[in-house]
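Here's the letter readout for the chains.
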Amino acid sequence: MKSPKLPLALVLAATLPFSVIVDGEEKDITFSVKLLAVDSNEGCAIVDVNNDGQLDVIAGRNWYAGPDFTPRAVRAIEDQNGYAQSNGDFPYDVDGDGWVDVIALSFFHTEIHWFRNPGRDVLDRGLLWEKHLLVDTGVSRNEAELLYDIDGDGVVEFVVNSWNKETSLLAWEFATETREVVEQVANRKKKVMREVPTLVKRTIGSSKNGHGLGIGDLNGDGLKDVIFQAGWYEQPQGGAFTGPWTYHDAWYLHASIPVVVRDLNGDGRNDFIYGLGHDYGLFWREQLEPAADGTLQWSEHLIDDSFSQPHTLHMADIDGDGEEELITGKRVFAHNGKDPGGMEEPVLYYYNWDKENERFDRKTIAVGSAGTGLQIATGDLNGDGRLDLAVAGKSGTYVIFNEG
């Protein structure tokens, strides 16, 4: 096995070509890879942090101001057992003031916090953002989370995945409550009662959880269901939070986060794509005609097993053809190098879906530098009309420019 190629320089520039057909001719598209930082952080997001119209990158301890991506502070994060105690960056305007904040949980801690965007003056000075408690969940061993509007009310929920199989599968709904807070008043701290943001627990499944999380309509009833390691939960007909969800014991997968739900072959039934987050294997599972009793039936297809730990998946139109591509890669040191293939070099790929032949065709974004962590983000970082990428993992935090 190859040793991981961990970069030491602060900026790495590389170009990697792949071919597309433009006006009947094969053309090369290249990516340029820029290293922003090396640490143990594995979460990232692309968003306009300072409201200047330019997309920026948030990644753990820092946000990186576009267009040059200079680092500025967001929050302090402790490291524990080889992991940064943060398993994702979730941009969301929690207090509704027009400035995007950051929501974060961690692997081993139980509290969900939000970090208040302080506005342009403080952002320019690089000071830490104020830390506020949303809720203490009482649950640790958290693998990752998704922000997703499960109930269709136009407001996202914070959906938490736990690798603890006996933990309930929970969604957290945004709300407010009156709480005692400490404020600085006339040069002294004072306790006052204020209405503050919080999260309200919504149970999807009781005492059955596990590694992997995806959201989408599996049974075609127009309601979002939840995929996880040991099967799927069917949303009740009355709505997401009106009653218990029905559990279907359909598989056992040590799956990625997210699992991507899509009708790939156009037959009107949603299929799904998943990676083995701690082993070799990237797959799509085709939904077949249901059984006579209504049970959903599936056929599994291999996409790629040449690299290990495809722990996070992302869909975006990288090549500008109007169709979303599948983006994934190797999560670097997911279990500190102890997974199968854990010491092999980082890779980052995207895959075109060939609908006619029902297969995924792989294209290279980066090899030997940028791998993945727990999130992949896309956005037009330099205003050229093409989608670029941001990834954060234990080989570093990178922005990757789509050069066209």
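In this text the structure is predicted, and so the values were computed from the model without any measurement. (Residues numbered from 1 in each chain as written. Predicted model: local features only at pLDDT ≥ 70, side-chain atom pairs only at ≥ 80, totals over all residues. Heavy atoms only, no water.)

1. A look at the sheet that holds strand β23 (residues 280-287)
As summarised here, the arrangement of the four strands in space is β21-β22-β23-β24, forming an open sheet in which the pairing is antiparallel. Sheet topology places β21 (260-262) and β24 (298-308) at the edges, where each strand pairs with a single neighbour. Averaged over all neighbouring strand pairs, the angle between strand axes comes to 15°, with direction disregarded. Note that β21 and strand β22 (residues 271-275) share three bridges and pair antiparallel. Bridging across to β22, Val261 finds its partner in Phe272. (Pairing = 2+ DSSP bridges. Helix = DSSP H or I, 4+ residues; strand = E, 2+ residues; numbered from the N terminus. Axes fitted to C-alpha atoms, helices over the stretch in contact; angles between N-to-C directions.)

2. Remarks on the pairing of strand β10 (residues 101-104)
Regular strands have side chains that alternate between both faces of the sheet. The alternating pattern of β10 places Asp101 and Ile103 and Val102 and Ala104 on opposite faces, both of which are buried. As paired elements, strand β9 (residues 90-92) and β10 share three bridges and run antiparallel to each other. Bridged to Pro91 within β10 is Val102. As paired elements, β10 and strand β11 (residues 111-116) share three bridges and run antiparallel to each other. Paired with Ala104 across the bridge in β11 is His113. Once β10 ends, the chain turns through six residues before running back antiparallel as β11. (Buried < 20%, exposed > 50% of the residue type's maximum accessible area, 1.4 Å probe, protein only.)

3. A few points about empty space enclosed by the protein
Taken as a whole, this structure holds one cavity of 30 Å³ or more when the rule is applied. Computed from the structure, the largest cavity encloses a volume of approximately 70 Å³. Looking at the largest cavity, the residues that line it are Leu105, Thr137, Val139, Asn142, Val160, Ser162, Thr167, Ser168, Leu170, Trp172 and Asn209. Put simply, the parts of the chain that give the lining of the largest cavity at least two residues each are β14 (157-162) and β15 (169-185). Of the residues assigned to the lining of the largest cavity, the class counts are five nonpolar, six polar and no charged. (1 Å grid on protein atoms, 1.4 Å probe; cavity = no way out; pocket = protein on both sides within 12 Å on 5 of 7 lines; lining within 4 Å. Points joined across faces, edges and corners; volume = space filled by probe spheres on them. Nonpolar A, V, L, I, M, F, W, Y, C, P; charged D, E, K, R; others polar.)

4. Some details on the side chain of Asp89
Assignment of secondary structure puts Asp89 in the loop between β8 (83-84) and β9. Residue classification places Asp89 among the buried positions, given a relative accessible area of 1%. Side chain to side chain, Asp89 and Arg75 meet in a polar contact 2.8 Å long. Once residues within four sequence positions are removed from consideration, Asp89 is found in contact with Asn41, Gly43, Cys44, Ala45, Ile58, Ala59, Gly60, Arg75, Val102, Ile103 and Gln375. (Polar contact = N/O pair within 3.5 Å; in protein donor to acceptor, adjacent residues only side chain to side chain. Contact = heavy atoms within 4.5 Å.)

5. Some words on the pattern of salt bridges
According to the stated counting rule, one finds 18 salt bridges in the structure shown. Between Arg269 and Asp267 there is a salt bridge; the shortest N-O distance is 3.0 Å. Judged by relative accessible area, which is 29%, Asp267 ranks as partly exposed. With a closest N to O distance of 2.9 Å, Asp384 and Arg386 form a salt bridge. (Salt bridge = Lys/Arg side-chain N within 4 Å of Asp/Glu carboxyl O.)

6. A word on the packing of aromatic side chains
Both the distance between ring centres and the angle between the ring planes are used here to describe each pair of aromatic rings. All told, the structure shown has 18 aromatic pairs when counted by the stated rule. Judged by centre distance (6.4 Å) and plane angle (75°), the ring pair of Tyr349 and Tyr351 falls under edge-to-face. Of the residues examined, Tyr351 reaches a relative accessible area of 1% and is grouped as buried. Within the aromatic cluster, the residues linked to one another by ring pairs are Trp251, Phe272, Tyr274, Phe283 and Trp298. The ring of Phe241 has Arg202 sitting right over it, with the charged end atom 5.8 Å from the ring centre. When the ring centre of Tyr83 is taken as origin, the NZ or CZ atom of Lys394, which lies over that ring, is 3.9 Å away. (Phe/Tyr/Trp six-rings, centres within 6.5 Å; stacked < 30°, edge-to-face > 60°. Lys NZ or Arg CZ within 6 Å of the ring centre and 35° of its normal.)

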